[in-house]
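Spelled out from the first residue to the last, the chains are:
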2 protein chains.
Amino acid sequence: MATRRRGAELDDAIRAAALDLLASGGPSAVTMEAVAGAARTSKAVLYRRWPDSRALLRDTLVGMARAAIPHEDTGSYRGDMLAVLRGWAALFTGPQAGMLRGVVAAAVQDEQLAETLARDLIGHRKAQMAELLERGVERGDVRADVPVHIARELGQSVLWHRLLVSGDPIDDDLVVELVDEVLVPFVAPRA
Amino acid sequence: MATRRRGAELDDAIRAAALDLLASGGPSAVTMEAVAGAARTSKAVLYRRWPDSRALLRDTLVGMARAAIPHEDTGSYRGDMLAVLRGWAALFTGPQAGMLRGVVAAAVQDEQLAETLARDLIGHRKAQMAELLERGVERGDVRADVPVHIARELGQSVLWHRLLVSGDPIDDDLVVELVDEVLVPFVAPRA
DNA sequence: ATCCGAAGAAACGCTTGCGTTTCTTGCCCG
DNA sequence: CGGGCAAGAAACGCAAGCGTTTCTTCGGAT
């Protein structure tokens, strides 16, 4: 052991360890004992920073959230939605899939976690989708009276449903089909 | 205690107790100790019938499943879908909502349970929706080349998404809007 | 140089559920 | 009417994980 870590340095090491455990074993792997072990520190150090293990998990999740699903303007509603849904599909079929399902499961059982996610993540996503639609309206490939509260979640819903409920496969054909057969017609200006 | 229960009688009492616990406390409440207590029997009796607690939970869930979401022919695709989605919406906003979320969470963590549900429940629902669409095709209010694998889950997906992920409210306006703005146009024969 | 706050280590008791075991008690069948 | 099988009751050891506590050991700020 080189030197005893303190303050921010130790803090970062703990968060990194928690993130590792979350990614590899899901939310239930983020225990005080496991994090302390993985960060080569002790539980007392953790309890000095978080009131309980759920708080540490919430913190870890919010920290991780900034990463996923970038969001840029491709110049068309179709292109934007393809990019967004392909981002989700990649997450749902990649190595993170299990962890995502675990997070949803954890949120079901932990009201505080559910609130945190709703406020810090889902709200963010909703706003992004609303912007995407707004751009389309200004551009003219989305009708002005589109029901935003439906359009913003319609595509994602199917992917989540497959991930969490039906278990049906998620692939690029599905994404393209959703965009071209469902979403674009739904938001298109009426002839 | 009148007389010592045996065989089928005891069996039924155990299943009823498990069902109670499932409904009131979710899947995690279906523990061997709790079921034995609620059925006024002992754990040894349970272990004589099920290899472990997860098997008992699976059994209980499958037994319960036959109840939900009836399915009749209303004479139109619109009517059928309204009935189906209103059924889901009622489940998702009623007292069973927490239990349903818990079941999904449990299935995430228990591969065997997930398989059981996929085989005994979700397969059943998929078949029902395929029939519903087939009736529409024959009747003429659903186009023959409708992408069944999307149409059969599109409406439900949004409701599940709100229940499990976004937490957004589910009400009858949403159901009607989904049917009239999304589903009916999507399956309607092309002009 | 020293000293106080934090890090680190290691126990502790508590709780919950598991799955097993032992023993007694009753009921039904032959 | 009696013997065997299953019900019922209670205890056991095990495993995790929690949150706490105690004690030692650093090391940076004064």
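Residues numbered from 1 in each chain as written. Chains lettered and ligands numbered in written order. Predicted model: local features only at pLDDT ≥ 70, side-chain atom pairs only at ≥ 80, totals over all residues. Heavy atoms only, no water.

Per an unreviewed UniProt entry, chain A goes by TetR family transcriptional regulator and derives from Knoellia flava.

**Overview of the overall build of chain A**
The secondary structure content of chain A amounts to nine helices and zero strands. Secondary structure of chain A in N-to-C order comes out as α-α-α-α-α-α-α-α-α. Taken along the three principal axes of its C-alpha coordinates, chain A extends 70 × 35 × 30 Å. Expressed as a percentage of the 191 residues in chain A, the buried residues total 47%. Considering only residue pairs separated by 6 or more positions, chain A has 68% of its internal contacts joining residues 24 or more positions apart. When the accessible area of chain A is evaluated, it comes to approximately 9,100 Å², of which 53% is carbon and sulfur surface. The average position of the 23 basic charges and that of the 27 acidic charges among the side chains of chain A differ by 9 Å. (Helix = DSSP H or I, 4+ residues; strand = E, 2+ residues; numbered from the N terminus. Buried < 20%, exposed > 50% of the residue type's maximum accessible area, 1.4 Å probe, protein only. Contact = heavy atoms within 4.5 Å. Areas by Shrake-Rupley, 256 points an atom, 1.4 Å probe, with all protein chains shown as cover. Lys, Arg positive; Asp, Glu negative; His and termini not counted. Charge placed at Lys NZ, Arg CZ, Asp CG, Glu CD.)

**As for the packing of helix α4 (residues 53-65) of chain A against helix α7 (residues 111-139) of chain A**
Residues and elements named next belong to chain A. Relative orientation of the contacting elements α4 and α7 amounts to 10 degrees, with a least axis distance of 10 Å. Judged by the inter-axis angle, α4 sits roughly parallel to α7. Counting all contacts with α4, which are made through Arg54, Leu57, Arg58, Leu61, Val62 and Ala65, the residues of α7 involved are Gln112, Leu113, Thr116, Leu117, Asp120, Leu121 and Arg125. A class-by-class count of the residues in the contact of α4 with α7 yields seven nonpolar, two polar and four charged. (Axes fitted to C-alpha atoms, helices over the stretch in contact; angles between N-to-C directions. Parallel < 35°, antiparallel > 145°, perpendicular 65-115°, else oblique. Nonpolar A, V, L, I, M, F, W, Y, C, P; charged D, E, K, R; others polar.)

**A closer look at the environment of Val175 of chain B**
Residue and element names in this part refer to chain B. Looking at the element boundaries, Val175 is found in helix α9 (residues 172-187). Residues Val175 and Gly63, 112 residues apart in the sequence, show an inter-C-alpha distance of 28 Å. Those residues in contact with Val175 that sit more than four places away from it in its chain are Leu82, Leu85, Arg86 and Ala89.

**Things to note about the protein's contact with DNA strand D**
Close to DNA strand D lie 21 residues, the nearest being Arg4, Glu33 and Lys43 of chain A together with Arg48 and Arg49 of chain B. Here, DNA strand D places atoms within 4 Å of the protein, and 55% of those atoms are sugar or phosphate. In the environment of DNA strand D, a phosphate oxygen lies 3.0 Å from a nitrogen or oxygen atom belonging to the side chain of Tyr47 of chain A. Between a phosphate oxygen of DNA strand D and a side-chain N or O atom of Arg49 of chain B, the distance comes to 2.9 Å. Secondary structure elements with two or more residues in the surface near DNA strand D: α2 (32-38) and α3 (43-49) of chain A together with α3 (43-49) of chain B. When residues in the surface near DNA strand D are grouped by element, the largest group, four residues, is from α3 of chain B. The residue makeup of the surface near DNA strand D, split by class, is six nonpolar, five polar and 10 charged. (Near = heavy atom within 4 Å. Polar contact = N/O pair within 3.5 Å; in protein donor to acceptor, adjacent residues only side chain to side chain.)

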